[in-house]
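Below are the chains, spelled out letter by letter.
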Amino acid sequence: MTYNATTSDTVSTPLTVERFVGKGRTTPGNVGLCLSGGGSRALTAGMGQLRALNYLTTKKNGPSLLSQVKAVSTVSGGSWLGVSFTYLSGRTSDTDFLNAYIANPHDLVPSKGSSIGVTLDKLPRGNMGVPSTSRLFSVPVLAVEAYILWKFFGTPANMLWQVLMGFHIMSEHNLYSPGAKALPTSLFSWDKKTLKQAVVGPNPSLAKETAHLVASGAGRTSRPYILCNTAMFVKKGKTQLLAPVQATPFFTGIVGTPDAVDANGRKVGGGGVTSFAFNSALQSVSGADVTVAQARQWSLTDIVGASSAAFAGQLQQIINDPLLLLKYLKEFAAEIWKWLKSHLSSADLAKVDEARIQSFVKAPTLAEVAADTAIFDPGALIPAYDYWPVRNVKPNAKLKSTRFADGGNLENTGVASMLSYGDIDSVIACVNSATPMTKGKKGVIDPKSGKEIPKTRIIVDGQIPPLFGYQPYDPKKGYVPFGKKTAKANLFMSQSQVFPAGDFPALLKALWKNSGSGKNTCPANALQKLKTKKNDWFGVAKRDVTVLWVYTNAVETWISLLRPDVKKLVAASADFPHYGTLDTNLSAAEINLLASLTAWSVGDPSNSKDFVGLFK
């Protein structure tokens, strides 16, 4: 079908949050919040950070800091949390979704507490951590689920990961309604007025479609503008790179002007199109108004799945190994089929051969599995969508789909995209990393002299250095600038610099010092005043900004305040709080411990001054 939509030019017209949402929200300090990627770890740590910001105020009985955040930028696991919070619907309260803020860590108990907020082995109903507690939300089982959806429901391979995010993450809050082949059937916008003006007014036929709007009303914290980050494969000459794609309640697209082309050989970027109309073929253009052909609307399930698409590659590896896939099928197929049936309507189930499925899950054979997996090409599960650029926009009926990637493969903090908005003056950058901050054997190499800068032998997560023009830490070389000797593994991150290289050593030293110089006595939070560098890839202009870096670490002061039996739980987890990114399945206790730590690291009076100060 064809639909009418509008493009948003982000080059000739400055990109600001207020351009879209107006000035109705009170946002002192013009603060943006960035929630990094990192799977269930990032979701959990981010949940604690949102919890603390929803607890803190600038004055007694005043509005929470979270309600005054101007925008939130999310990546991968941070998108699982951020998108769900932004569009939270149904009866789940904000408090249950985030869980209660517990000011005194000593109040936490392993089980049977005086309230669910202090009870580590329980989560409130509707809490964002609940999906991660299901054993069906582990990478091997997700691979089996993807295979079954493809084999029996006909779900396209390049939509399998997104659909799984719909079932596991979005359906928990009524944000995913599977249709034919389990594909999403809804769209999203900002509010009723925006929906009418931008979507339903120009397209009356869409009035019958489910439309998700930003959460509002009594008992709801005022939601910030959201930009959910994914990435798109592009080419610069013969080099394959990634370009940043923002999905917002108003538009989806590439806001910068990267020097690269898409799968159809066209220069990418220049802005976006009304979000429902993304993933379409352009039919006609009249100024900012366009007509597109589209099989279905771009949905929350699409943006959350595309933002976290790195996991699709992990699933692909398992599916391409018949023996390994068969092993997991024998262990989980019957349980998965039962779970799927509980998530599908009778109408959906009527379209499949239940008897055939039942027979297969009881006794899968290697011959059948091997025949199926032989059909999968190495990149079958990588998301792919129909993209057309806003700059030099021209209709093209013969469109090749362009592959998409996890936003974190390009820039995992969300900071670069946040800075494309000219009315964001301060940023809280939550780096919820799997990498503990430790001493290294090499430091930062000065790009001019080629010599090591003293006192910079500090290892931090690889997502931070590219923002300053440095490659992730190399044990043999330290931190070296991007350039002719850029490691192949780091190419995707090579376009992400938004801060001067000279400010990177100061950040390393501040994080190290503030955390206790290797002792982790305090949270690794560091306030830094910076000047941005012009970056056409992300659409960032030069200006002054303040960044409050929040680097997850195992804070000994917090641990010292715990009861002895809770300390034992922390000690029993060898990787706390740096759970592996692929460890998507966590226990309630693991979730509650990490979220409590990150909440305290923001909200405790010993830590909160810098956060509160940004909102004045």
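Residues numbered from 1 in each chain as written. Predicted model: local features only at pLDDT ≥ 70, side-chain atom pairs only at ≥ 80, totals over all residues. Heavy atoms only, no water.

*Asks:* Hey, could you run me through the packing of aromatic side chains in this one?
*Replies:* Describing an aromatic ring pair means giving the distance of the ring centres and the angle of the ring planes. One pass over the structure, following the stated rule, counts 35 aromatic pairs. Residues Tyr479 and Phe504 carry aromatic rings whose centres are separated by 5.0 Å and whose planes lie at 85° to one another, so their mutual orientation is edge-to-face. With Tyr479 in the loop between strand S16 (458-459) and helix H15 (504-514) and Phe504 in helix H15, the pair connects residues that are 25 residues apart, well separated along the chain. Note on accessibility: Tyr479 and Phe504 belong to one class, buried. Cluster of aromatic residues (ring-pair linked, three or more members): Phe468, Tyr470, Tyr473, Tyr479, Phe499, Phe504 and Trp549. Positioned above the aromatic ring of Phe233 is the side chain of Arg403, whose terminal nitrogen or guanidinium carbon lies 4.4 Å from the ring centre. (Phe/Tyr/Trp six-rings, centres within 6.5 Å; stacked < 30°, edge-to-face > 60°. Helix = DSSP H or I, 4+ residues; strand = E, 2+ residues; numbered from the N terminus. Buried < 20%, exposed > 50% of the residue type's maximum accessible area, 1.4 Å probe, protein only. Lys NZ or Arg CZ within 6 Å of the ring centre and 35° of its normal.)

*Asks:* Mind showing me how you'd approach the side chain of Ser79 here?
*Replies:* Mapping Ser79 onto the fold places it in helix H3 (residues 77-86). What makes Ser79 buried here is its relative accessible area of 0%. A polar atom in the side chain of Ser79 sits 2.8 Å from the side chain of Ser307. Beyond its immediate stretch of four places on either side in the chain, Ser79 contacts Thr74, Ser84, Cys228, Asn229, Val304 and Ser307. (Polar contact = N/O pair within 3.5 Å; in protein donor to acceptor, adjacent residues only side chain to side chain. Contact = heavy atoms within 4.5 Å.)

*Asks:* Explain unusual backbone geometry here, please?
*Replies:* Trans is the common state for peptide bonds, and a negative phi is the common state for residues other than glycine. Cis geometry marks the peptide bond from Phe576 to Pro577; its omega dihedral reads 0°. Take Pro577: it is sitting in the loop between helix H17 (564-572) and helix H18 (588-603). One non-glycine residue, Asn392, lies in the positive phi region at around 55°. With respect to the helices, strands and loops of the structure, Asn392 is situated in the loop between strand S12 (384-385) and strand S13 (402-406).

*Asks:* When you look at the nonpolar core in this model, what are you seeing that I'm missing?
*Replies:* Among soluble globular proteins, nonpolar side chains are generally buried collectively. Counting residues in hydrophobic clusters, the biggest one holds 202 residues, and the most contacted among them are Leu33, Ile428, Phe468, Phe499, Trp549 and Trp558. If you tally residues by element for this core, the top one is helix H5 (residues 139-153), at twelve residues. Non-local contacts of Trp549, meaning those with residues more than four positions away in its chain, are made with Ala429, Val431, Leu467, Phe468, Phe499, Leu507, Leu511, Ala524, Asn525, Ala526, Gln528 and Leu530. (Core = buried A, V, L, I, M, F, W, Y, C linked by side-chain atoms within 4.5 Å.)

*Asks:* Explain the pattern of salt bridges here, please?
*Replies:* Evaluation of the coordinates by the stated rule reveals 15 salt bridges. One salt bridge in this structure joins Glu18 and Lys70, with 2.8 Å as the shortest N-O distance. On the criterion of sequence distance, the pair formed by Glu18 in helix H1 (residues 18-21) and Lys70 in the loop between helix H2 (39-55) and strand S3 (71-75) is long-range, its members being 52 residues apart. Note on Glu18: relative accessible area 29%, which makes it partly exposed. Looking at Lys70, the relative accessible area reads 4%, which means it is buried. Residue Asp423 is joined to Lys70 by a salt bridge in which the shortest nitrogen-to-oxygen separation is 3.7 Å. Separated by 353 residues along the polypeptide, Asp423 in the loop between helix H14 (415-418) and strand S14 (426-431) and Lys70 in the loop between H2 and S3 bring together distant segments of the chain. Through salt bridges that share partners, Glu18, Lys70 and Asp423 make up one connected network. (Salt bridge = Lys/Arg side-chain N within 4 Å of Asp/Glu carboxyl O.)

*Asks:* What's the story with H2 in this structure? I'm lost.
*Replies:* Three- or four-residue spacings in an α-helix give side chains the same orientation, since the helix completes a turn every 3.6 residues. With 17 residues, H2 should reach 24 Å at 1.5 Å per residue; the first-to-last C-alpha distance of 25 Å fits that figure. Of all 17 residues that make up H2, 15 are buried, and the element is covered over most of its length. (Expected span 1.5 Å × (residues − 1).)

*Asks:* Hey, could you run me through the state of the cysteines in this one?
*Replies:* When the sulfur atoms of two cysteines share a covalent bond, that bond is a disulfide. Summed over the entire model, instances satisfying the criterion amount to zero disulfides. You can see Cys34 has no disulfide; the closest cysteine sulfur is in Cys430, sitting 8.0 Å from it. By relative accessible area, which is 0% here, Cys34 ends up buried. For the unlinked cysteine Cys522, the closest cysteine sulfur is that of Cys430, found at 18 Å. Of the residues examined, Cys522 reaches a relative accessible area of 34% and is grouped as partly exposed. (Disulfide = S-S within 2.5 Å.)

*Asks:* Please clarify how the side chain of Ser132 should be interpreted in this entry.
*Replies:* By the element assignment, Ser132 lies in the loop between helix H4 (94-98) and H5. Contacts of Ser132, omitting those with residues within four sequence positions, involve Ser40, Phe137, Thr584, Asn585, Leu586 and Ile591.

*Asks:* How do you make sense of the packing of H5 against helix H10 (residues 322-343) when you look at a structure like this?
*Replies:* To characterise two packed helices, one gives the angle between the axes of the helices and the distance between these axes. Running from N to C, H5 and H10 cross one another at 70°; their axes reach a closest spacing of 9 Å. Considering the angle they form, H5 stands roughly perpendicular to H10. Between H5 and H10 lies a crossing whose hand is right-handed. Here Pro140, Val141, Val144, Glu145, Tyr147, Ile148, Leu149 and Phe153 of H5 come into contact with H10, specifically with Leu325, Tyr328, Leu329, Phe332, Ala333, Ile336, Trp337, Trp339 and Leu340. When its residues are assigned to classes, the contact of H5 with H10 shows 16 nonpolar, no polar and one charged. (Axes fitted to C-alpha atoms, helices over the stretch in contact; angles between N-to-C directions. Parallel < 35°, antiparallel > 145°, perpendicular 65-115°, else oblique. Left-handed = near helix turned anticlockwise from the far one by under 90°. Nonpolar A, V, L, I, M, F, W, Y, C, P; charged D, E, K, R; others polar.)

*Asks:* I would appreciate a short explanation of H10 in the present structure.
*Replies:* Taking 1.5 Å of rise per residue, the 22 residues of H10 would be expected to cover 32 Å, yet its terminal C-alpha atoms sit only 27 Å apart, more than 12% below that figure. Those residues of H10 lying buried are Leu325, Leu326, Tyr328, Leu329, Phe332, Ala333, Ile336, Trp337, Trp339 and Leu340. Buried residues in H10 make contact with H5, helix H6 (160-170), helix H9 (310-319), helix H11 (346-349), helix H12 (354-362) and helix H13 (366-373).

*Asks:* Is there a simple way to explain the packing of H2 against H18 in this structure?
*Replies:* Remark: H2 packs on H18, axes separated minimally by 7 Å, with the N-to-C direction vectors making an angle of 40°. On the basis of their axis angle, the class for H2 and H18 is oblique. For H2 against H18, the interelement crossing comes out right-handed. Contacts from Arg41, Thr44, Ala45, Met47, Gly48, Gln49, Arg51, Ala52, Leu53 and Tyr55 of H2 reach H18 at Ile591, Leu594, Ala595, Ser596, Thr598, Ala599, Val602 and Gly603. Residues of the contact of H2 with H18, tallied by class, amount to ten nonpolar, six polar and two charged.

*Asks:* Can you walk me through the pairing of S14 in this structure?
*Replies:* Residues in a regular strand project their side chains so that they alternate between the two faces of the sheet. Judged by how many residues are buried, S14 sits mostly within the fold: six of six residues are covered. Of the two faces of S14, both are covered, the one formed by Ser426, Ile428 and Cys430 as well as the one formed by Val427, Ala429 and Val431. Where strand S2 (residues 31-35) meets S14, five bridges bridge the pair, whose relative direction is parallel. Looking at the pairing, Cys34 lines up with Ala429 of S14. Across six bridges, the pairing between S14 and strand S18 (residues 544-551) is parallel. When the bridges of S18 are listed, Ser426 appears paired with Thr546. (Pairing = 2+ DSSP bridges.)

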